[in-house]
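Chain and residue survey
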Amino acid sequence: MNEKETKIFVKMYVDAVSSGLIADMGPDNWQTLCVIASYMDENGRCYPTQAQIARGLGVRRETANRRVKKLLDYRWCGRPIIEAYRKRNGKGVWENTEYVISAISQLRIFDAEPEDVRPCDA
């Protein structure tokens, strides 16, 4: 077979662990973030459907929606890890939700570089 296989990787920087971020956010939020991040572009923007998120998590769509809401409510050092934006197209129909993954998540794709994540001051 002469086809060239292209693989794209989401990078996790060790600061996600050493800063305490993963321990603080917990396994459900981390898993949900990783599934959504698998759709991101180099700017942290992604547009997965509810069905894609649910399939990636191995749960029903309603459960996935609850987990996404919990992740959207989560704050690290007072800042959101991910934000969601909904807008209507020219005909008034809702488009896919746009998720924007913050640089403090310590997840990147392609050649994007992380910003420093420092432990939160108590």
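Another point: the pattern of salt bridges. One pass over the full model with this rule turns up four salt bridges. Among the salt bridges present, the one from Arg 45 reaches Glu 98, with a minimum N-O distance of 2.8 Å. In this pair, Arg 45 sits in strand β2 (residues 45–46) while Glu 98 sits in strand β6 (residues 98–101), placing the two residues 53 residues apart along the sequence. A salt bridge links Arg 60 to Glu 62; the nearest nitrogen and oxygen atoms lie 3.3 Å apart. Arg 60 gets classed as exposed once you look at its relative accessible area, which sits at 61%.

What follows covers the packing of helix α2 (residues 21–37) against helix α4 (residues 61–73). The description of two packed helices rests on the angle between their axes and on the distance between the axes. Two numbers describe how α2 lies on α4: the axes approach to 9 Å, and their chain directions differ by 105 degrees. Viewed along their axes, α2 and α4 adopt a mutual orientation that is roughly perpendicular. Contact with α2, carried on its side by Met 25, Asp 28, Asn 29, Gln 31, Thr 32, Leu 33 and Ile 36, involves Arg 67, Val 68, Lys 70 and Leu 71 of α4 and no other residues of that element. The class makeup of the residues in the contact of α2 with α4 is five nonpolar, three polar and three charged.

Another aspect to go through is helix α3 (residues 50–57). Of all the positions in α3, only Ile 53, Ala 54 and Leu 57 are classed as buried. For α3, the angular spread of buried residues about the axis comes to 95 degrees, placing them on one side. Looking at the buried residues of α3, the elements they touch are α2, α4 and β6. One or two positions beyond α3, positive phi appears at Gly 58, with a value near 75 degrees.

Conventions adopted
Residues numbered from 1 in each chain as written. Predicted model: local features only at pLDDT ≥ 70, side-chain atom pairs only at ≥ 80, totals over all residues. Heavy atoms only, no water. Salt bridge = Lys/Arg side-chain N within 4 Å of Asp/Glu carboxyl O. Helix = DSSP H or I, 4+ residues; strand = E, 2+ residues; numbered from the N terminus. Buried < 20%, exposed > 50% of the residue type's maximum accessible area, 1.4 Å probe, protein only. Axes fitted to C-alpha atoms, helices over the stretch in contact; angles between N-to-C directions. Parallel < 35°, antiparallel > 145°, perpendicular 65-115°, else oblique. Contact = heavy atoms within 4.5 Å. Nonpolar A, V, L, I, M, F, W, Y, C, P; charged D, E, K, R; others polar. Arc of directions from axis to C-beta.

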